Amino acid sequence: MTISVRKVATVGLLSAVLTGCGGGAGTPAAGPTTTASAPAAKPTAAPGAKPAPAARPAAPPTLAAGPQGRTPVYERRTGRSAEKVVALTFDADMTADQGPRAARGERFDNPELIATLRRLEVDATIFMTGRWAEEYPDQARSIGNDPRFEIANHSYSHYAFAEPCYGLPTVAAPDMAADVKRAFDSFRDAGAAHVVPYFRFPGGCYDDTALHALAPARVTAVQWDVVGGDAFAKDPDAVAEQVLSGVRPGSVVVLHCTRSAAPATERALRRVVPELRARGYRFVKVSELMREG
């Protein structure tokens, strides 16, 4: 979960600890008129020839490692800055110790929000904790197999990778890469296919120690430049205003996909999406934003 943006040591940003096209096919342009007595013969494969393998999808773009192999950090697109694109990202938070609360009926998922993104045809990146994927495997699989979405890593435990960090328990540096790997394993076990090598620090908190410790995980850390302010917010218009006032071309917006801790987010989206589209914005996943510069 995320709160007011904060980068321990050098950054300050986040919002609260929460522990879409193409029109229809047009008429083809008329080419030169030709006369043919018979259609061209189609090439015939030699007997026993194997079909050509299908082209593999392009790998998600990543940033090069920093000095001494430090994990790179991406906050927003800086190239082609005039193009109006924005990445909406949602943290699906659940900490390793919140199982009993879920058993008592607390909802850390938000299927209505995912349904609204689908209905409004909005591409998005979901930063998911491994514990969330374990609690809601059917939802993780559905999200992770929908080409509109991609799943990124928000740690397994949702414990802090630097301190202080809004009261979150802390992951020891030697255990950080393993925590991230465990989350990726949880996504795989749930059957999610569209998983990207991006990581978001719980609470947005990190320092040089964490960047070095995560190097073996070979991820690109993804922060944001617009804080949605939806954590624990009850007023969807306030959330919408905060997003709408902060977005600029190439922005990464952080919001949440956790019903109990961000109950106003889905209603805020119903205003944010049409208003940004009216301004000429296009919604993209983080991988597309990163690929374009």
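From a predicted model like this one, the values you see are computed outputs, not experimental measurements. (Residues numbered from 1 in each chain as written. Predicted model: local features only at pLDDT ≥ 70, side-chain atom pairs only at ≥ 80, totals over all residues. Heavy atoms only, no water.)

S.K.: Would you mind showing me how to read the overall build of the protein chain here?
M.R.: Summing up its helical and strand segments, the protein chain has nine helices and eleven strands in all. Per-residue burial over the protein chain gives 49% buried out of 293 residues. Surface summary for the protein chain: the accessible area is close to 13,700 Å², and the carbon and sulfur share equals 54%. (Helix = DSSP H or I, 4+ residues; strand = E, 2+ residues; numbered from the N terminus. Buried < 20%, exposed > 50% of the residue type's maximum accessible area, 1.4 Å probe, protein only. Areas by Shrake-Rupley, 256 points an atom, 1.4 Å probe, with all protein chains shown as cover.)

S.K.: Whenever I open this one, the pairing of strand S7 (residues 195–199) confuses me. Can you help?
M.R.: It is a general feature of regular strands that their side chains alternate between the two faces of the sheet. As judged from the two bridges shared by strand S6 (residues 149–153) and S7, these two strands associate in the parallel manner. Bridging from a neighbouring strand, Asn 153 pairs with Phe 199 of S7. For the handedness criterion, the β-α-β arrangement of S6, helix H5 (residues 176–190) and S7 is classed as right-handed. Pairing of S7 with strand S8 (residues 220–222), which is carried by two bridges, proceeds in the parallel orientation. (Pairing = 2+ DSSP bridges. Right-handed = clockwise from strand over helix to strand, strands pointing away.)

S.K.: In this structure, what is going on with the side chain of Asp 225? I would like to understand it.
M.R.: Counting through the fold element by element, Asp 225 comes out in the loop between S8 and strand S9 (226–227). There is a polar contact of 3.4 Å between the side chain of Asp 225 and the side chain of Arg 76. Among the polar contacts listed, one links the side chain of Asp 225 to the side chain of Ser 251, at a separation of 2.8 Å. (Polar contact = N/O pair within 3.5 Å; in protein donor to acceptor, adjacent residues only side chain to side chain.)

S.K.: For this particular structure, what's the right way to read the confidence of the model for the protein chain?
M.R.: The predicted structure's coordinates, where accompanied by low pLDDT, should not be read in detail. Overall, the prediction assigns the protein chain a mean pLDDT of 86, with 80% of residues at 70 or greater. Counting contacts from residues 3–43, a segment whose pLDDT is below 50, to residues more than four positions away or on other chains yields 89 contacts. (pLDDT = per-residue confidence, 0-100. Contact = heavy atoms within 4.5 Å.)

S.K.: How should I be thinking about the packing of helix H2 (residues 111–119) against helix H8 (residues 265–278) in this particular structure?
M.R.: Angle between the axes and distance between the axes are the two parameters that describe a pair of packed helices. Two elements in contact, H2 and H8, have axes whose closest approach is 9 Å; the angle formed by their N-to-C orientations is 15°. In terms of their interaxial angle, H2 and H8 are classed as roughly parallel. Crossing of H2 over H8 shows right-handed handedness. On the side of H2, the interface is formed by Glu 112, Leu 113, Thr 116, Leu 117 and Arg 119, while H8 contributes Thr 265, Glu 266, Leu 269 and Arg 270. (Axes fitted to C-alpha atoms, helices over the stretch in contact; angles between N-to-C directions. Parallel < 35°, antiparallel > 145°, perpendicular 65-115°, else oblique. Left-handed = near helix turned anticlockwise from the far one by under 90°.)

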